[in-house]
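Structural features, examined
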Amino acid sequence: MHKVVISGTGLFTPPNAVSNEALVEAFNAWVRGANAANAEAIAAGRMDPLPESSAEFIVKASGIRQRYLMDAAGVLDPERMVPHLAERPNEALSVQAEMAVAAAKGALARAGRAGSDVDMVICACSNLQRAYPAVSIEVQQAIGAAGFAYDMNVACSSATFGIQAAVSAIATGAARTVLVVNPEICSAHLNFRDRDSHFIFGDAATAVLLERADAATAEGCLEVLGCKLATVFSNNIRNNAGFLNRCDAAGIGAPDKLFVQQGRKVFKEVCPMVGEHIVGHLGELGIAAEGVRRFWLHQANLAMNQLIARRVLGREATESEAPVILDRYANTSSAGSVIAMHLNRDDLVPGDIGVLSSFGAGYSVGSVALRRI
């Protein structure tokens with residue numbers, strides 16, 4: 001069994017930074033229009049007026065202050081509120097592959113590797129733009145990798161589940177160098193007309209390069225000490241979009257074909273699940289929680305991360321122990337914890353231990369224990 005390291009990480013950040021204020025302005029304009037169109041029903045008591053949102057409400061509810069979007073114009077148009085992402089010819093690189101390749105180039109450069117060194121690619125994300133051919137195979141071709149590739153989806157936990165699959169492949173000799181990419185266009189499945197969730201997501205892509213420890217040459221590699229995964233079925237986070245939708249016209253365009261969640265139930269159920277998961281994983285590895293230098297947690301909600309860190313450490317975590325990128329990037333699904341790691345790993349010294357953890361729909365939770373070598 002070969003030891004495995006993360007030798008490089010990469011990040012693609014979309015060009016459009018959208019503040020809470022800009023998002024709220026568009027949302028409230030739509031609300032005012034909808035209320036005006038239904039003024040008679042509202043006056044008669046047959047309908048309640050739609051409430052407006054505010055930047056302050058968003059920060060209080062989530063800790064988010066802005067997000068990056070692949071397209072801002074479509075989202076900020078009250079008449080549309082959906083990103084403009086034109087279909088591309090089959091011969092052109094798809095938008096998700098393009099994002100993934102941009103992130104992959106950063107990971108490869110940091111690891112001192114070329115695309116031809118890669119012999120396995122996993123595209124792990126919450127939504128894939130098509131069923132087949134696999135986006136991962138498209139990325140494989142674009143970077144000049146050999147071997148094989150496949151797509152996988154475990155919603156917000158996709159990155160840690162993908163890393164575990166990569167670790168297993170390298171440890172057993174099925175591959176030597178694995179690229180895991182997480183291209184997330186969350187704005188495309190977000191209902192920007194839902195006050196409770198219109199602010200949650202942003203877009204981004206991350207990449208993680210893993211390879212055999214005895215072959216890695218990069219500085220600052222992170223040795224994988226262990227991976228732990230768990231799933232429990234729940235309907236509290238759901239997206240019913242799928243290929244069967246066309247078989248029942250009554251459901252086409254319904255809100256459940258986009259992201260929907262019962263936020264309070266998710267908070268109440270997921271936080272203890274993740275806290276216990278990380279504590280259990282560290283216990284299995286013989287690592288004391290206070291011996292962990294950094295927790296790179298899924299960036300979904302600031303209060304959730306604070307509660308999870310408190311459960312693991314038995315006290316409030318410092319910003320250094322559990323860094324936050326949620327305020328700038330919002331929830332980028334599977335990419336969030338990797339962004340936190342990518343932007344907050346260079347100060348680690350040999351021997352420092354970190355835990356990468358993601359969690360979300362499913363329910364699913366994954367954790368990867370790492371040591372700077």
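The following refers to the structure shown. (Residues numbered from 1 in each chain as written. Predicted model: local features only at pLDDT ≥ 70, side-chain atom pairs only at ≥ 80, totals over all residues. Heavy atoms only, no water.)

Structural notes on the overall build of the protein
In terms of helices and strands, the protein carries 10 helices and 13 strands. Computed over the C-alpha atoms, the radius of gyration of the protein is 21 Å, within 12% of the 21 Å expected from 2.2 N^0.38 for a compact globule of 373 residues. A total of 373 residues make up the protein; the buried ones form 52% of that total. Sequence-distant contacts in the protein: of pairs separated by 6 or more residues, those separated by 24 or more amount to 78%. (Helix = DSSP H or I, 4+ residues; strand = E, 2+ residues; numbered from the N terminus. Rg over C-alpha atoms; globule rule 2.2 N^0.38 Å. Buried < 20%, exposed > 50% of the residue type's maximum accessible area, 1.4 Å probe, protein only. Contact = heavy atoms within 4.5 Å.)

Side note on helix α3 (residues 55-62)
Structurally, the α-helix is built with 3.6 residues per turn, so residues lying three or four positions apart point the same way. When α3 is considered as a whole, its buried residues turn out to be A55, I58 and S62. For α3, the arc enclosing every buried residue in end-on projection is 60 degrees, short of the 170-degree limit, so these residues lie on one face. Pointing more than 90 degrees away from the buried face of α3 are the exposed residues E56 and K60. Where α3 ends, the next residue or the one after it, G63, has phi of about 90 degrees, a positive value. (Arc of directions from axis to C-beta.)

A short note on the layout of surface pockets
Its boundaries defined by the atoms lining it, the largest pocket holds a volume of some 1,600 Å³. In terms of lining residues, the largest pocket is bounded by 47 residues, among which N127, L128, Q129, R130 and H189 are the most central. By residue class, the composition of the lining of the largest pocket is 23 nonpolar, 17 polar and seven charged. Approximately 710 Å³ is the volume attributed to the second largest pocket. Lining the second largest pocket are 28 residues, and of these D196, I200, Q261, G263 and N301 sit closest to its centre. Among the secondary structure elements, those contributing two or more residues to the lining of the second largest pocket are α3, β10 (260-261), α7 (263-285) and β12 (353-360). (1 Å grid on protein atoms, 1.4 Å probe; cavity = no way out; pocket = protein on both sides within 12 Å on 5 of 7 lines; lining within 4 Å. Points joined across faces, edges and corners; volume = space filled by probe spheres on them. Nonpolar A, V, L, I, M, F, W, Y, C, P; charged D, E, K, R; others polar.)

Points about the packing of α7 against helix α8 (residues 302-313)
Where α7 meets α8, the axes come as close as 9 Å, and the angle between the chain directions of the two elements is 40 degrees. Between α7 and α8 lies a crossing whose hand is right-handed. In this structure, α7 uses F267, V270, C271, V274, G275, E276, I278, V279 and L282 to contact α8, whose residues at the interface are A303, M304, L307, I308, R311 and V312. By residue class, the composition of the contact of α7 with α8 is 12 nonpolar, one polar and two charged. (Axes fitted to C-alpha atoms, helices over the stretch in contact; angles between N-to-C directions. Left-handed = near helix turned anticlockwise from the far one by under 90°.)

Comments concerning the side chain of N331
In this structure, N331 sits in the loop between α9 (326-329) and α10 (335-343). For N331, a relative accessible area of 5% puts it in the buried group. Once residues lying within four places of it in the same chain are set aside, the contact partners of N331 are I64, C186, I200, F201, G202, H298, Q299, A300 and L326.

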